[in-house]
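# Chain and residue survey
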Amino acid sequence: MASRIFHIAANTFREAVRDRVLYNLIAFALLLTGAAIFVGQISIEIERLVVINLGLTAVSLFGVVIAIFIGIGLVSKEIEKRTLYTVLSRPVARWEFIAGKFFGLSGTLVVNTLCMALGVFAALLYVSRNLNGADAWVLVAIYFIVLQFVIVTALALLFSSFSSPLLSAVFTFCLFVSGTFAEDLRGFAQLTHGFTRWLATGAIYAIPNFSALNVISQVAHGEPLSGQLIFWNSAYALVYSLAVLSLAILIFERRNLK
Amino acid sequence: MRRRRTTAFATLLFVVSAMGSGLLLHTVDRLRTRATLNQVLYISSPKLLKALSLGYHGLLADVYWTRVVQYYGEQRHTRSSDFSLLWPLLNLTTQLDPHLIPAYQFGGTFLASRPPYGAGLPQRAIELVESGIRNNPDDWHLYYNLGFIYYDLKDFRAAADAFDRGSRVPNAHPFLKIMAAQCAQHGGELRTAQMLWSAVYETTKDKYIRENAEGHLRALKADFEAQELEKIVAAFHQQTGRYPSSFAELARARILPGIPIDPLGNQFQLDREGHVFVGDPDNFPFIERALPSGYLPKPAPGSARPRG
């Protein structure tokens, strides 16, 4: 079972590399190099701040775009190319196919993020001339970004399991945006009464809470993050992704592929 | 068979993990109380925020306005006197959308009101409402709000001027003209204050502003009644050459029908110099006259000097 999932994951990773997904790293490198040189010349005292803010925002956006656009095609593309039937005709369960696809894309995003993280630290080193203890929190912010990617990948896969690529992209993107404002939605729920309050509270628990995973501003200002937050955020992201994946499996298991 | 087993397992896994994620979200939320609000400490520049909003600054202004209401409500709920984020939040909101009238109207009131009803920053409130007027010169409500802030500062001339400017705006409420005249002629009188606060109480839909007006009206009533009682005490002094020892003495002498009660249901108090004051001054944040001599208001919990 594990080896079947691993093979599907490795295949997904290979396919992403073949699709020139990692080419985004060139754009990212150019962006950061340009920013590092540029801010070094025009700003005073905020070079580090700008590089962290810009670098981590770019890591996040590039990754989310990749997660959405690759994720939405993971199932539908296989059906369209009819390669899914070849896979499923072998002793591979449908849930193993979904799990393999999920791990494959998550792996691609982790490798991509690691390369971009190296770029952020290189730019940081260039503008500050040295790295200090507070820069370790940047690593935590990057880890949280990876957790975001894991959730987005699971969501894209869920929509891809029953919907067209275009609609899947729209749904996933909408959930990403609403998840970014999840804490505002919580505030909104607190201000409302009756049925609206029930509705808003339900939405808070249904949509992913990306705002808790966005600590870019905090780490850019060198503020430490609590170990508790790291632990509970990790647990939340993994359990939420598990819920989404099990729903994707549930739908895909019952889907008529004829 | 195998498929049915997978479906059952996936269903179980979905239910358990969905419930688990709900519980975990609850824990994460508890760790990050007010994290979203504290973001204004990181991005306090409206220009930068506008650029980051990628053109959707109207939507972002609405989000920030919701944050203002949430923050103000939370501080009021916890009876905190620290409203330090109120001005930066309002500044961001109104710069993102200069035509968001409620942000100036309610924001001005929230900023100007004395703690624990607001930030106690009347100059910031004037700045905010004046900028609202500059951006929306045809909205009479803003002049009305500005007049009120000046009235509360006892700058009756400026208040009359604001009401007068507002009364000249097309479709302005005719009441503004009366307010302008009343402020110009009888600015410091209790009945003017009563008229203005009654107007706020009757016209507002916002519960916090209503509570604020109610607090003012209660304080005005207490001040008025204490003033009337002091007249009776003064008359007693004139007749007997001494002040009564208590209201009970006045009641026994049938000068008063009983012990007078203040608007909160406590007995009015009387000192040796014939000064009348309320029984529980801490619950009258807007009272001005009927206070015990040398009274200092008790600081509210979590109070800190608001930042300007």
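Just so we're clear, the structure is a prediction, and the values are computed from it rather than from any experiment. (Residues numbered from 1 in each chain as written. Chains lettered and ligands numbered in written order. Predicted model: local features only at pLDDT ≥ 70, side-chain atom pairs only at ≥ 80, totals over all residues.)

## Describing the overall build of chain A
- A count of helices and strands for chain A gives 12 helices and zero strands.
- For chain A, the sequential pattern of α-helices and β-strands runs α-α-α-α-α-α-α-α-α-α-α-α.
- A total of 258 residues make up chain A; the buried ones form 43% of that total.
- Summarising the internal contacts of chain A: among those between residues at least 6 apart in sequence, 83% fall at separations of at least 24. (Helix = DSSP H or I, 4+ residues; strand = E, 2+ residues; numbered from the N terminus. Buried ≥ 20, exposed ≤ 12 C-beta atoms within 10 Å, placed from the backbone. Contact = placed C-beta atoms within 7 Å.)

## A word on the overall build of chain B
- Helix and strand content of chain B: 12 helices and two strands.
- Out of the 308 residues in chain B, the part that is buried amounts to 37%.
- Expressed as a percentage of contacts within chain B between residues at least 6 apart in sequence, the contacts between residues at least 24 apart total 55%.

## Some remarks on the confidence of the model for chain A
- The predicted model of chain A averages 85 in pLDDT, with 95% of residues at 70 or higher.
- Ranking the elements of chain A by mean pLDDT puts helix α2 (residues 24–42) of chain A last, at 71, and helix α7 (residues 136–160) of chain A first, at 94. (pLDDT = per-residue confidence, 0-100.)

## Some words on the packing of helix α7 (residues 140–152) of chain B against helix α8 (residues 156–167) of chain B
All names here are of chain B.
- Running from N to C, α7 and α8 point in directions that differ by 170°, and their axes come no closer than 8 Å. Relative to α8, the element α7 lies roughly antiparallel. Contacts between α7 and α8 involve W140, Y143, Y144, L146, G147, Y150 and Y151 from the former and F156, A158, A159, A162, F163, R165 and G166 from the latter.
- Looking at the contact of α7 with α8 residue by residue, the classes come out as 11 nonpolar, two polar and one charged. (Axes fitted to C-alpha atoms, helices over the stretch in contact; angles between N-to-C directions. Parallel < 35°, antiparallel > 145°, perpendicular 65-115°, else oblique. Nonpolar A, V, L, I, M, F, W, Y, C, P; charged D, E, K, R; others polar.)

## Quick word on the interface of chain A and chain B
- Tallying the contact residues gives 33 residues for chain A and 30 residues for chain B.
- At the level of secondary structure, the elements contributing two or more residues to the side of chain A that touches chain B comprise α9 (182–191) and α12 (227–254) of chain A.
- When residues in the side of chain A that touches chain B are grouped by element, the largest group, 16 residues, is from α12 of chain A.
- Residue classes in the side of chain A that touches chain B are distributed as 18 nonpolar, 10 polar and five charged.

## As for the packing of helix α6 (residues 94–128) of chain A against α12 of chain A
All names here are of chain A.
- Where α6 meets α12, the axes come as close as 9 Å, and the angle between the chain directions of the two elements is 140°. Compared by their axis directions, α6 and α12 come out oblique. As for the relative orientation of α6 and α12, their crossing is right-handed in sense. Contacts from R94, W95, I98 and F102 of α6 reach α12 at L245, A248, I249, F252 and E253.
- Here the contact of α6 with α12 is composed, by residue class, of seven nonpolar, no polar and two charged. (Left-handed = near helix turned anticlockwise from the far one by under 90°.)

## A word on the nonpolar core
Residue and element names in this part refer to chain A.
- Core analysis: the biggest nonpolar cluster contains 80 residues, and A67 and I98 have the highest contact counts within it.
- The greatest single-element share of this core, amounting to 17 residues, is contributed by α7.
- Residues within four places of I98 in sequence aside, it is in contact with L157, L245, A248, I249 and F252. (Core = buried A, V, L, I, M, F, W, Y, C linked by C-beta atoms within 7 Å.)

## What to know about unusual backbone geometry
Residue and element names in this part refer to chain B.
- Even without glycine at this site, K154 takes up a positive phi of about 65°.
- With respect to the helices and strands, the residue K154 is situated in the loop between α7 and α8.
- K154 sits in the exposed class, given 12 other C-beta atoms within 10 Å.
- Phi angles above zero are rare outside glycine, and N171 is one such case at about 65°.
- Here N171 lies in the loop between α8 and α9 (175–186).

## Observations regarding the environment of N112 of chain A
All names here are of chain A.
- Note that N112 resides in helix α6.
- Here the alpha-carbon distance between N112 and Y23, two residues 89 residues apart in the chain, equals 9.7 Å.
- Setting aside its immediate chain neighbours within four residues, N112 contacts L22, L25, G63 and I66.

## Here we look at the environment of I70 of chain A
Residue and element names in this part refer to chain A.
- Along the chain, I70 turns up in helix α3 (residues 47–71).
- Taking the number of C-beta atoms within 10 Å as the measure of exposure, I70 has 24 and is therefore buried.
- Here the alpha-carbon distance between I70 and A169, two residues 99 residues apart in the chain, equals 9.6 Å.
- Discounting chain neighbours no more than four positions away, the residues touching I70 are A16, V21 and L105.

## Some thoughts on α7 of chain A
- Between its first and last C-alpha, α7 of chain A extends 36 Å over 25 residues, near the 36 Å set by a 1.5 Å rise per residue.
- Among the 25 residues of α7 of chain A, 20 are classified as buried, and the element is accordingly described as predominantly covered. (Expected span 1.5 Å × (residues − 1).)

## Here's the deal with the environment of H141 of chain B
All names here are of chain B.
- Here H141 shows up in helix α7.
- Distance in space between the C-alpha atoms of H141 and I101 is 8.7 Å, their sequence separation being 40 residues.
- Discounting chain neighbours no more than four positions away, the residues touching H141 are I101 and Q105.

## Regarding the confidence of the model for chain B
Residue and element names in this part refer to chain B.
- Residues of chain B with pLDDT of at least 70 account for 91%, and the chain-wide mean is 83.
- Element-level pLDDT for chain B is lowest in helix α2 (residues 46–52), with a mean of 73, against a maximum mean of 94 in helix α6 (residues 122–135).
- Of the regions scoring below 50 in pLDDT, residues 301–308 engages in 21 contacts with residues more than four places distant in sequence or in other chains.
- The ipTM, which scores confidence in the relative placement of chains, is 0.83 for this predicted complex, and the corresponding pTM is 0.68.

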